[in-house]
Amino acid sequence: MASASSSRNQAPDIGYYEQYSDPENNQSNAADGYEEEEEDDEEEDDFVARPRRDTPPPPPAPAHSSNALKRKATEPQQPYGGRQPLQPSSSSAHPSSSANGGHGSSEPAAKKLRPDALEPSILCAEPLDEFVLEIADWVHRVAHGRANVEVEAKVGTLIDTRSNERLSLPVLNETSGSPNVSLSTSLAKCFAHVCSPLVLSPDYPEIRFASDMTEQQHAMYNSSLNSLVQRTGDPNYPNARIRYEHTRLVDTFYNQPGGKVRVTRDEKTGQIKECVQKVRIADLNVYSPKRRMDWRVSVSVETPAQPPQDGSQPATTRRKDRMSYSHQAFKIDLTQVTTSPDPAHSQKSHELEIEFADPGELMRCARVRTRGSSGATWSGKEGEAFDELIRVFVNNIRILVRNAG
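Rules of the game
- Residues numbered from 1 in each chain as written.
- Predicted model: local features only at pLDDT ≥ 70, side-chain atom pairs only at ≥ 80, totals over all residues.
- Heavy atoms only, no water.
- Helix = DSSP H or I, 4+ residues; strand = E, 2+ residues; numbered from the N terminus.
- Buried < 20%, exposed > 50% of the residue type's maximum accessible area, 1.4 Å probe, protein only.
- Contact = heavy atoms within 4.5 Å.
- Areas by Shrake-Rupley, 256 points an atom, 1.4 Å probe, with all protein chains shown as cover.
- Pairing = 2+ DSSP bridges.
- Core = buried A, V, L, I, M, F, W, Y, C linked by side-chain atoms within 4.5 Å.
- Polar contact = N/O pair within 3.5 Å; in protein donor to acceptor, adjacent residues only side chain to side chain.
- Salt bridge = Lys/Arg side-chain N within 4 Å of Asp/Glu carboxyl O.
- Phe/Tyr/Trp six-rings, centres within 6.5 Å; stacked < 30°, edge-to-face > 60°.
- Expected span 1.5 Å × (residues − 1).
- pLDDT = per-residue confidence, 0-100.

## Considerations on the overall build of the protein chain
For the protein chain, the count of helices and strands is seven helices and 11 strands. The buried share of the protein chain, reckoned over its 405 residues, is 44%. The contacts of the protein chain with a sequence gap of at least 6 include a subset with a gap of at least 24, amounting to 68%. Total accessible area on the protein chain stands at roughly 22,000 Å², and carbon and sulfur atoms take up 49% of it.

## Quick look at the pairing of strand β7 (residues 272–287)
When a strand is regular, its side chains alternate between the sheet's two faces. Relative to β7, strand β6 (residues 259–266) is paired through five bridges, and the arrangement is antiparallel. Pairing of Arg265 across the sheet is with Ile272, part of β7. Pairing of β7 with strand β8 (residues 294–304) involves 10 bridges; the strand directions are antiparallel. Bridge pairing in β8 places Val276 opposite Pro304.

## Topic: the nonpolar core
Val139, Val151, Trp295, Val297, Tyr325, Ile390 and Phe393 are the most contacted members of the largest nonpolar core, which totals 50 residues. Non-local contacts of Val151, meaning those with residues more than four positions away in its chain, are made with Val139, Val297, Ser298, Val299, Ile354, Glu355, Phe356, Leu362 and Phe393.

## Section: the side chain of Asp321
Relative to the elements of secondary structure, Asp321 occurs in strand β9 (residues 316–327). Side chain to side chain, Asp321 and His246 meet in a polar contact 2.7 Å long.

## Considerations on the pattern of salt bridges
It is possible for side chains of opposite charge to pair when their charged atoms get near one another. Taken as a whole and assessed by the stated rule, the structure comprises 23 salt bridges. Between Lys154 and Glu353 there is a salt bridge, and its shortest N-O distance comes to 3.8 Å. Within this pair, whereas Lys154 is found in strand β1 (residues 149–160), its partner Glu353 is found in strand β11 (residues 345–356), the two being separated by 199 residues in sequence. Salt bridges sharing common partners tie together Glu150, Glu152, Arg262, Glu274, Lys278 and Glu302.

## Concerning unusual backbone geometry
The bulk of non-glycine residues show a negative phi, and the bulk of peptide bonds are trans. Residues other than glycine seldom take positive phi values, yet Cys124 does so here, at roughly 60 degrees. Within the fold, Cys124 resides in the loop between α2 (90–93) and α3 (130–143).

## Quick look at the packing of aromatic side chains
This structure, assessed with the given rule, holds four aromatic pairs. Here the aromatic rings of Phe131 and Trp295 are separated by 6.4 Å at their centres, their planes lie at 70 degrees, and the arrangement is edge-to-face. Here the residue Phe131 occupies a position in helix α3, and Trp295 occupies one in strand β8, the gap between them amounting to 164 residues. An identical accessibility class is assigned to Phe131 and Trp295; each is buried. Ring geometry for Phe330 versus Phe356: centroids 5.3 Å apart, planes at 50 degrees, classification tilted.

## Things to note about helix α5 (residues 215–232)
Its 18 residues give α5 an end-to-end C-alpha distance of 26 Å, which sits within 8% of 26 Å, the value for a rise of 1.5 Å per residue. The element α5 is extensively covered by neighbouring structure, given that 13 of its 18 residues are classed as buried.

## Examining the environment of Ala366
Here Ala366 lies in helix α6 (residues 359–373). The residues contacting Ala366, other than those within four sequence positions of it, are His140, His144 and Phe386.

## Examining the pairing of β1
For β1, the buried fraction is high: 11 of the 12 residues fall into the buried class. Strand direction decides the pairing type here: β1 and β11, joined by three bridges, are antiparallel. Among the inter-strand pairings, Lys154 is bridged to a residue of β11, identified as Glu353. Pairing geometry for β1 and strand β4 (residues 207–210), over four bridges, is antiparallel. What sits directly across from Thr157, in β4, is Ala210. Sheet topology places β1 next to strand β2 (residues 165–166); two bridges connect them, and they run antiparallel. Of the residues in β2, the one forming a bridge with Ile159 is Arg166.

## Describing the confidence of the model for the protein chain
Keep in mind that low pLDDT regions are not for reading the predicted coordinates in detail. On average, residues of the protein chain score 73 in pLDDT, and 61% of them reach the 70 mark or higher. Here residues 1–18 scores under 50 on pLDDT; set against residues more than four positions off or in separate chains, the count is 43 contacts. Note that residues 28–102 has pLDDT below 50 and, in this model, 123 contacts with residues that lie over four places away or in other chains.

## A word on α3
If you check α3, its first and last C-alpha atoms are 20 Å apart, about what 14 residues at 1.5 Å a residue would give, namely 20 Å. Where burial is concerned, most of α3 is hidden: 10 out of the 14 residues are buried. Restricting attention to buried positions, one finds in α3 the residues Phe131, Val132, Leu133, Ile135, Ala136, Trp138, Val139, His140, Val142 and Ala143. N-cap assignment for α3: the residue whose side-chain oxygen lies 2.8 Å from the backbone N of Phe131 is Asp129. Following α3 by one or two positions, Gly145 has its phi on the positive side, about 85 degrees.

The following block contains the structure:
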């Protein structure tokens with residue numbers, strides 16, 4: 001993947017339109033990138049970006065802690081700005097009997113706690129968010145034991161097929177869909193004041209997911225992500241860098257006896273980059289009523305396949321002008337897609353998705369999680385890696401959705 005630094009030595013590589021650009025051509029200020037919102041009244045605000053904490057972690061929880069409290073983030077969350085232990089003064093460490101009604105006490109006198117001195121819980125650990133845990137359990141249940149798995153999340157809109165407009169349900173924050181529960185519109189009305197995730201069915205017959213957005217929203221994401229590339233490329237930036245790659249690809253789809261085969265070629269050279277048979281396993285829809293966009297998590301299997309014989313006619317052709325942004329274990333793809341069933345008819349769409357850069361590592365962590373669930377070897381960071389990967393995955397898609405413009 002070409003890095004931002006290496007690309008600066010090349011000729012400018014303009015993006016999809018004149019207003020779309022690579023990071024070197026980005027005209028927006030880095031400070032105008034993604035917002036770090038503060039919403040005091042929203043229970044879903046737990047994933048707004050937080051400052052990096054470099055203080056040492058607190059002591060581990062007692063060995064006799066409940067197993068239910070061990071489902072937490074891999075790294076215990078540290079207080080804002082670093083915690084300074086509150087030390088009782090010499091006069092308050094051993095209060096006099098007269099100050100306590102004649103009864104001595106080994107506890108220090110009460111002092112006013114600063115917000116930055118608070119520990120995340122009585123176990124000095126932050127429990128894994130129930131919403132994230134629901135998604136982690138679903139991905140694990142659907143993907144575990146399969147080979148060539150792809151897990152991705154797309155930004156889009158949940159459409160009510162009766163009105164052909166965006167879905168509108170009487171809930172107050174993000175709502176996920178479960179393949180095991182069916183919910184009618186009349187039942188949904190019973191939850192008009194629900195403030196926690198409400199499980200819906202992704203197979204609900206009156207809903208479809210449109211993985212598209214406006215050209216203006218797409219351009220905004222392009223500019224904001226380019227700003228992040230520039231900001232993280234600063235030599236003094238202390239955290240992980242974001243790198244980018246600009247590609248132009250052509251997908252051709254062929255109907256084969258075993259299913260549809262996708263052949264991906266470099267648009268300029270015609271070189272085959274990938275040939276797979278993709279089968280969708282399951283989808284999990286997430287409805288975000290307070291945002292302009294919703295999102296969907298999908299689990300698919302991409303099995304390597306042989307290219308069709310020369311002369312085979314494709315059923316569909318898709319041209320993809322794509323900007324890929326890589327950050328640690330994840331890759332964000334911002335793509336303008338032109339779909340052509342035939343040369344006379346084409347349709348343009350704008351897509352945004354995030355996927356795991358190494359799905360094999362995700363599945364390895366899933367196997368460790370499974371052994372632990374049976375009481376065998378799940379312990380420490382190794383056993384919690386799967387949930388931590390899903391947690392950051394969800395963090396990223398939530399931040400993208402909150403900045404949909």
